[in-house]
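A look at the structure
Take a look at the letters that make up each chain.
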Amino acid sequence: MTKKIRIAVAGAGVAGSLLVHGLAQREDIELVCFERVDHAGHADAGTGLNIGPNAMKSLASLDSALAAELIAQSYPWRSWKISLVDGTVLFDLDLKQVADNPGIRIRWAELYRFLRGKVDRRIVYRAEVLGVRYGSDDRLELDVRTASGQQTMTGFDLVVACDGRYSVLREQLTGTPPVTHLGVAMSRTLVPDTSGGIIDDYEQWFNGPNRLLAFKVPENQIYISATFPLEAGMPIPEPMKRAENLRGLYTPPDGKLDPKTQFLVDSLCANTDECHWARVQEAPTLFHDARGHVLFLGDAAHPMAPTLGQGATSTFEDAVAAVAAIRRTLDAGSRSVPAMTAAVADDRAERVDFIKRFSWDASDTMLPGSDAVAGTLAKLEPDFIAMLTRTYRDCALAWESHCS
């Protein structure tokens, strides 16, 4: 009997959980997933997110029932509207014009709970992967810290690093990736929906280059993201996180706010202690190490600007492509792990770099001195709409990889 391929997955986030789900029934694979938090961890994780139509199209190609179940637990993302803070509408796009299906809106915590629930028995919780190295015959060893202490686990043919934007495994094997800062500070928070129903689908509002973004997610919550220009690479000044300064950023000189933006500004200023702050940045794309036995997926592979909501969305595509590549290689009678990881890079690198460039360029209206009106109106032009259509429709599909 042919010996099984041993695969370890570091991190049971979006990429890790979907990869495990897609490979769990293979009899030629021995699979284990390590997750640093406990079973109930991330219950309040990460506020909310929008997942693009391309992610749901990819997921449906891999497992239509799983996609349908996730859709049922989410709100649909069907439109994208951009206005000024006084309510003047500049851009109002029905995603039917550029996508084959809607996206979704969901809380991070609920997404984690849903995806992990499908593969719970394959996940070792409270197990943090601290390091990876090559042993004999290109097999890998992992240093894993559990509740009972640190241990070394050996004999893995493939390690899949799904350990996030600041991937420890990527840094150990390939060095710290250089970071490029856009020059934008961003906050994220969830607030209770006391808006009376005026906040719903994906919408943005500008006061100069200062932008608010919001949409409703399940559990009667509203996700709010606030951005403002920042000198690239500089830390976010603490005073700028205070309510009085934030209110000034999103209030025009005449003080006139649309009811929606009035609610958002008031909510943001009342919940400054709950805001998660970050600087918008990206790093080079890399899907595997030099020897090809460690695969990087999601933010570990391609940290990107979140402007078009393609961070988590691209992670869905990564997972589908990785499942397809591994299945395809094994079905062809090959056990070459470098062939599997190279296939993922071949399938994904060009598309990911397109999405990263597009997301970066679409951030122009948030930069210092930008004209938000002119920049937004330019997004109505055919070139932008064509790129948005390419983003939402030309995604990773399992059946195109002979992996149905």
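Residues numbered from 1 in each chain as written. Predicted model: local features only at pLDDT ≥ 70, side-chain atom pairs only at ≥ 80, totals over all residues. Heavy atoms only, no water.

**Examining the pairing of strand 1 (residues 5-10)**
For a regular strand, side chains alternate in direction, first toward one face of the sheet and then toward the other. Short version of the rule: Only protein chains enter the area calculation, which uses a 1.4 Å probe; residues under 20% of their type maximum are buried, those over 50% are exposed, and those in between are partly exposed. Elements are defined by DSSP. Helices are runs of H or I of four residues or more, strands are runs of E of two residues or more, and each kind is numbered from the N terminus. Whether two strands pair depends on DSSP finding at least two bridges between them. For a crossover, the right-handed case is the one in which the path from the first strand over the helix to the second runs clockwise, viewed with the strands pointing away from the viewer.
With six of its six residues buried, strand 1 lies for the most part within the structure. Side-chain alternation along strand 1 places Ile5, Ile7 and Val9 on one buried face and Arg6, Ala8 and Ala10 on a second face that is also buried. Of the pairings in the sheet, the one linking strand 1 to strand 2 (residues 29-35) comprises six bridges and is parallel in character. Note on strand 2: the bridge partner recorded for Ala8 is Val32. Following the backbone out of strand 1, through helix 1 (residues 14-23) and into the adjacent parallel strand 2, one traces a crossover that is right-handed.

**Some remarks on helix 9 (residues 337-361)**
The condition that has to hold: Working rule for helices: expected span equals 1.5 Å times residues minus one. Nitrogen and oxygen atoms within 3.5 Å of one another constitute a polar contact, given that in protein one can donate a hydrogen and the other can accept it, and given that sequence-neighbouring residues count only through two side-chain atoms.
In this model, helix 9 (25 residues) spans 35 Å end to end at C-alpha, consistent with the 36 Å of a helix rising 1.5 Å per residue. The opening residue of helix 9, the one whose side-chain oxygen lies 3.1 Å from the backbone nitrogen of Ala339, is Ser336.

**Some words on the sheet that holds strand 7 (residues 103-107)**
Spelled out, the test is: Angles here are taken between N-to-C directions and fall from 0 to 180 degrees, while the axes themselves are lines fitted to C-alpha atoms, restricted in helices to the stretch in contact.
Strand order in the open sheet formed by three strands is 3-7-4, and the pairing between neighbours is antiparallel. Looking along the sheet, the strands with just one partner apiece sit at the ends: strand 3 (48-51) and strand 4 (75-77). With direction set aside, neighbouring strand axes in the sheet form an average angle of 30°. Pairing geometry for strand 3 and strand 7, over four bridges, is antiparallel.

**Focus: unusual backbone geometry**
In this model, Arg126 sits at a positive phi of 55°, which is unusual for a non-glycine residue. Position of Arg126 among the secondary structure elements: in the loop between strand 8 (123-125) and strand 9 (128-134). Arg126 gets classed as partly exposed once you look at its relative accessible area, which sits at 49%. The phi dihedral of Asp138 is positive, around 65°, even though this residue is not glycine.

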